[in-house]
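# Coordinate inspection notes
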Amino acid sequence: MAFSIKEASERLGCPAHKIRYYEKEGLLPYIQRDQHGNRMFEEEHLDWMRLMSCFRATGMKVSTLKHMVSLALDGDSTIPQRKAILHEYKEELHRRQLEIAEALRIFNWTGNYGHVSRDVWGNQ
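Note that the coordinates shown come from a computational prediction; the quantities given were computed from them, not determined experimentally.

Time to look at the layout of surface pockets. Estimated volume of the largest pocket: approximately 160 Å³. Looking at the lining of the largest pocket, the elements with two or more residues in it are α4 (62-73) and α5 (79-109). For the lining of the largest pocket, the element with the highest residue contribution is α4, accounting for 4 residues. Taken together, the residues of the lining of the largest pocket sort by class into 7 nonpolar, no polar and 2 charged.

The subject of this paragraph is the nonpolar core. Ranked by size, the top nonpolar core spans 21 residues in total, and within it Ile19, Leu27, Leu28, Phe41, Met49 and Met52 carry the most contacts. Those elements that place two or more of their residues in this core are α1 (5-12), α2 (16-24), α3 (43-57) and α4. Considering every element that reaches this core, the biggest residue donor is α3, with 4 residues. Among residues more than four places away in sequence, those in contact with Ile19 are Ile5, Ala8, Ser9, Leu12, Cys14, Leu28, Phe41 and Met49.

This paragraph deals with α4. Along its 12 residues, α4 runs 16 Å from first to last C-alpha, staying within 8% of the 16 Å computed at 1.5 Å per residue. Taken together, the buried positions of α4 are Val62, Leu65, Met68, Val69 and Leu71. Turning to α4, the residues buried within the fold contact α2, α3 and α5.

This model, assessed by the stated rule, comprises 9 salt bridges. Residue Arg95 is joined to Glu92 by a salt bridge in which the shortest nitrogen-to-oxygen separation is 2.9 Å. Of this pair, Arg95 and Glu92 both sit in helix α5, 3 residues apart, which is roughly one turn of the helix. A relative accessible area of 43% means that Arg95 is categorised as partly exposed. Connected through shared salt-bridge partners, Glu23, Arg33 and Arg39 make up one network.

With that settled, consider the confidence of the model for the protein chain. This prediction gives the protein chain a mean pLDDT of 89; 89% of its residues lie at or above 70. Across the protein chain, α1 holds the top mean pLDDT of 96, while strand β1 (residues 32-33) sits lowest at 92.

Right, let's get into the packing of aromatic side chains. Inspection of every chain in the model, using the stated rule, returns 1 aromatic pair. Judged by centre distance (6.1 Å) and plane angle (50°), the rings of Tyr21 and Tyr22 are tilted. Given a relative accessible area of 3%, Tyr22 falls into the buried group.

With respect to the helices and strands, Ile19 occurs in helix α2. Judged by its relative accessible area of 0%, Ile19 is buried.

In this section: unusual backbone geometry. Look at Tyr30: it is not a glycine, yet its phi comes out positive at around 65°. Secondary-structure assignment places Tyr30 in the loop between α2 and β1. What makes Tyr30 exposed here is its relative accessible area of 62%.

Scoring rules and cut-offs
- Residues numbered from 1 in each chain as written.
- Predicted model: local features only at pLDDT ≥ 70, side-chain atom pairs only at ≥ 80, totals over all residues.
- Heavy atoms only, no water.
- 1 Å grid on protein atoms, 1.4 Å probe; cavity = no way out; pocket = protein on both sides within 12 Å on 5 of 7 lines; lining within 4 Å.
- Points joined across faces, edges and corners; volume = space filled by probe spheres on them.
- Helix = DSSP H or I, 4+ residues; strand = E, 2+ residues; numbered from the N terminus.
- Nonpolar A, V, L, I, M, F, W, Y, C, P; charged D, E, K, R; others polar.
- Core = buried A, V, L, I, M, F, W, Y, C linked by side-chain atoms within 4.5 Å.
- Buried < 20%, exposed > 50% of the residue type's maximum accessible area, 1.4 Å probe, protein only.
- Contact = heavy atoms within 4.5 Å.
- Expected span 1.5 Å × (residues − 1).
- Salt bridge = Lys/Arg side-chain N within 4 Å of Asp/Glu carboxyl O.
- pLDDT = per-residue confidence, 0-100.
- Phe/Tyr/Trp six-rings, centres within 6.5 Å; stacked < 30°, edge-to-face > 60°.

In structure tokens form, the structure reads like this:
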């Protein structure tokens with residue numbers, strides 16, 4: 001079943017301009033158009049948009065997504081490359097998660113959020 005951009009936007013819970021941007025950037029290959037030139041989205045396009053939105057929420061660059069799409073278009077022979085990119089990115093996310101957890105721990109340790117104890121800086 002094909003969806004219009006309005007229907008896709010509603011199903012995804014994102015603005016239509018975001019979908020148009022992703023298509024313009026080449027992140028949604030093979031979008032068909034109806035006889036009036038309107039984009040027609042399939043469920044697989046919506047699934048890919050959900051995945052890209054998730055990656056973007058983590059800070060993944062559009063250029064990285066473009067590279068992943070390009071590899072995917074080259075076929076199954078690029079699966080190991082795509083897995084390696086995702087594995088490396090996952091490790092980076094984990095490093096960032098640890099940094100944020102430590103920052104939050106220190107933030108909470110200050111006690112009253114407006115006053116930083118001298119102990120935080122290593123002073124006695």
